[in-house]
Amino acid sequence: MAAISKQEFLVWQPCYPVVKETDPFYYEVVCRLFEIAKQSAMADLIPEEAMKRMSLCMVGYFQDIIADGGIWRSFVEANRKLYGWAIPFHMPSEDYVDYELNREDVNFLTWYSLAMSYEPLRTIYPHNVGILRLAGEWFEYLESIYEESPEPTDFAFWRGLDFYDDADRSEIYRLGQWLYMHCYLLTPALGFTLGEIMAENPELQKEDNITLLHDRLEKSMMEDPTGPLALFIPEWIYLLLNGKLLKPKKEESEVIHPYYEKFIAYTKGNPIAFFQTYEQMNTFFIEALGWEKGEHHLAQMKGEKDFVLMVNRHKGMLMARNVARCIAAPENPYYDKEYAKTHAFDLLSIRGLCPGDLLQKIFENKWLPDARFPGTEDTKIVEENHDFIARCYLQQYYRGD
């Protein structure tokens, strides 16, 4: 395996392309992390490029902790605000110290950087033995050099910036670009979004279309959430600079959608309806919503099954297919517990399978009791972390609006 090059390391640094005096030290650290990974029990399962990204993620965390740059601090504080705990999946021990090097942090980041970097292991269990062993080896190494590690130069260039000050606008924009493209915490979650961006336009993959790709990524940076919490870049920046989440502006129309009253009148007040077949759903369109008789509405859905329709007072109606058997709603006659044991986790991890509004409704009512990471029987970890898991995997498909 080839080592991590200096260029591969430097591009992740916040002051790139300027080389800082502490960069050589941390370059040696990331190379050592990579060597540890190559010798670990996970080496046969993880390809070189994914292992590199994982090592770069871990050294970024270490630099952030040494510098108290605030990125990890912001993540922990956001978790506490949203969920009441410091980090996902791991209960902190008595030795856990906020914003310092912690075994639990390393455990989480090892899982996160792998799951977001390598498609075949995308849904790997956070408590997988191999992940925890590698994380333990990484933690022991980082702990052994913790006291001697120099504070990374300019790793927190954003200190003192004012989110609302026009004079800081250029530096804040620079911060946003780095957070989106090269920050150890946010960038791993960009991986699958980037794949979708490249797939939507083959021209972006040509070497002579760098400007076109740059413009498309700029658009994504402005429009798409990212990072393990699927926050938008302004939300991340505000959190980093002010230590709290930016309050979203709610702009909800007061106009009642024409489908809403027809839908709930037919269902006797229930905003959700379940259908096993396309034909059943098409009949609902005609009888409940008054769509034209004798037509096959949404004909592209023919041949699909297990539909769910949900109506919102202002947004209108949404549809999901191939999910009804996973949803343990009392009024759902098609719920299939055995099927759900295998497929319920798909709703939290496959983008576009289940609309975000419907998924939130499912969470609110605890209608996904069978969801588990593939290959495990652990439903508790999903139950306790369902919103985080959906944010991390689904990104804009969960928080797009």
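Residues numbered from 1 in each chain as written. Predicted model: local features only at pLDDT ≥ 70, side-chain atom pairs only at ≥ 80, totals over all residues. Heavy atoms only, no water.

S.K.: Account for the overall build of the chain, naming residues and giving values.
M.R.: Within the chain, the regular secondary structure consists of 17 helices and 3 strands. For the chain, the spread of C-alpha atoms along the principal axes amounts to about 75 × 50 × 45 Å. For the chain, the proportion of its 401 residues judged to be buried stands at 52%. Long-range pairs, those at least 24 residues apart, make up 66% of the contacts in the chain with a sequence separation of at least 6. Entry remark: accessible area of the chain is about 19,300 Å², with carbon and sulfur atoms responsible for 50%. Distance from the positive charge centre (40 side chains) to the negative charge centre (63 side chains) of the chain: 5 Å. (Helix = DSSP H or I, 4+ residues; strand = E, 2+ residues; numbered from the N terminus. Buried < 20%, exposed > 50% of the residue type's maximum accessible area, 1.4 Å probe, protein only. Contact = heavy atoms within 4.5 Å. Areas by Shrake-Rupley, 256 points an atom, 1.4 Å probe, with all protein chains shown as cover. Lys, Arg positive; Asp, Glu negative; His and termini not counted. Charge placed at Lys NZ, Arg CZ, Asp CG, Glu CD.)

S.K.: I'd like a description of helix α6 (residues 129–145), backed by residues and values.
M.R.: The first and last C-alpha atoms of α6 sit 25 Å apart over 17 residues, in line with the 24 Å expected at 1.5 Å per residue. Taken residue by residue, α6 has G130, I131, L134, A135, G136, W138, F139, Y141, L142 and I145 as its buried positions. For α6, the elements touching its buried residues are α2 (23–38), α3 (48–67) and α5 (103–115). (Expected span 1.5 Å × (residues − 1).)

S.K.: Let's hear about helix α12 (residues 278–287): which residues, and what values?
M.R.: Among the residues of α12, those classed as buried are Y278, M281, N282, F284, F285 and I286. In the core, the buried residues of α12 are packed alongside α11 (258–266), β1 (272–277), β2 (305–312) and β3 (316–320).

S.K.: Hey, could you go over the pairing of β3 for me, with residue numbers and the actual values?
M.R.: Here β2 pairs with β3 via 5 bridges, running antiparallel. Its bridge partner being in β3, V308 is matched across the sheet by A320. Counting the residues between successive antiparallel strands, the hairpin from β2 to β3 contains 3 residues. (Pairing = 2+ DSSP bridges.)

S.K.: I'd love a proper account of the environment of E77, names of residues and values included.
M.R.: Along the chain, E77 turns up in helix α4 (residues 71–82). Between the alpha carbons of E77 and L358 there is a distance of 27 Å; along the sequence they are 281 residues apart.

S.K.: How would you sum up the sheet that holds β3? Please name residues and give values.
M.R.: Taken together, 3 strands build an open sheet; the order of strands is β1-β2-β3 and the sheet is antiparallel. Here the strands that pair on one side only, and so sit at the sheet edges, are β1 and β3. The average undirected angle you get between the axes of adjacent strands in this sheet is 20 degrees. In the sheet, β1 pairs with β2 via 5 bridges, with the strands oriented antiparallel. Considered in β2, the bridge of A273 is made with L309. Running at roughly 135 degrees to β1, α12 makes contact with β1, β2 and β3 of the sheet. Against the sheet, helix α15 (residues 356–365) contacts β1, β2 and β3, and its axis sits at roughly 90 degrees relative to β2. (Axes fitted to C-alpha atoms, helices over the stretch in contact; angles between N-to-C directions.)

S.K.: So what's going on with the nonpolar core? Residues and values would help.
M.R.: In this structure, W72, W111 and L185 are the most contacted members of the largest nonpolar core, which totals 118 residues. When neighbours within four sequence positions are excluded, W111 is seen to be in contact with F89, I124, Y125, P126, I131, F373, C392 and Y393. Formed by 15 residues, the second largest nonpolar core is a distinct cluster that contains F263, Y278, F285 and V311. (Core = buried A, V, L, I, M, F, W, Y, C linked by side-chain atoms within 4.5 Å.)

S.K.: Lay out the state of the cysteines with the relevant residues and their values.
M.R.: Considering all chains together, one arrives at 0 disulfides under this definition. Here C31 stays free of any disulfide, with the sulfur of C57 as its closest cysteine sulfur at 16 Å. (Disulfide = S-S within 2.5 Å.)

S.K.: Lay out the packing of aromatic side chains with the relevant residues and their values.
M.R.: A complete count under the given rule lists 35 aromatic pairs for this structure. Here F25 and Y26 contribute two aromatic rings whose centre-to-centre distance is 5.0 Å and whose plane-to-plane angle is 80 degrees, an arrangement assigned as edge-to-face. With 6.0 Å between their ring centres and 85 degrees between their planes, F155 and W178 make a pair best called edge-to-face. Taken together, the residues span a long stretch of sequence, with F155 in the loop between α6 and α7 (169–182) and W178 in helix α7 at a distance of 23 residues. (Phe/Tyr/Trp six-rings, centres within 6.5 Å; stacked < 30°, edge-to-face > 60°.)

S.K.: Which residues make up the packing of α3 against α6, and what values go with them?
M.R.: Where α3 contacts α6, the two axes come as close as 12 Å, and the packing angle between them is 40 degrees. By the angle between their directions, the pair α3 and α6 is classed as oblique. Here α3 runs over α6; the crossing is right-handed. Facing α3, whose interface residues are M54, S55, M58 and F62, α6 presents L134, W138, L142 and I145. Residue composition of the contact of α3 with α6, by class: 7 nonpolar, 1 polar and no charged. (Parallel < 35°, antiparallel > 145°, perpendicular 65-115°, else oblique. Left-handed = near helix turned anticlockwise from the far one by under 90°. Nonpolar A, V, L, I, M, F, W, Y, C, P; charged D, E, K, R; others polar.)

S.K.: Tell me about the environment of A43, residues and numbers included.
M.R.: Mapping A43 onto the fold places it in the loop between α2 and α3. Relative accessible area serves as the criterion here: at 16%, A43 is assigned to the buried category. Residues A43 and G130, 87 residues apart in the sequence, show an inter-C-alpha distance of 9.6 Å. The residues contacting A43, other than those within four sequence positions of it, are A37, K38 and M51.

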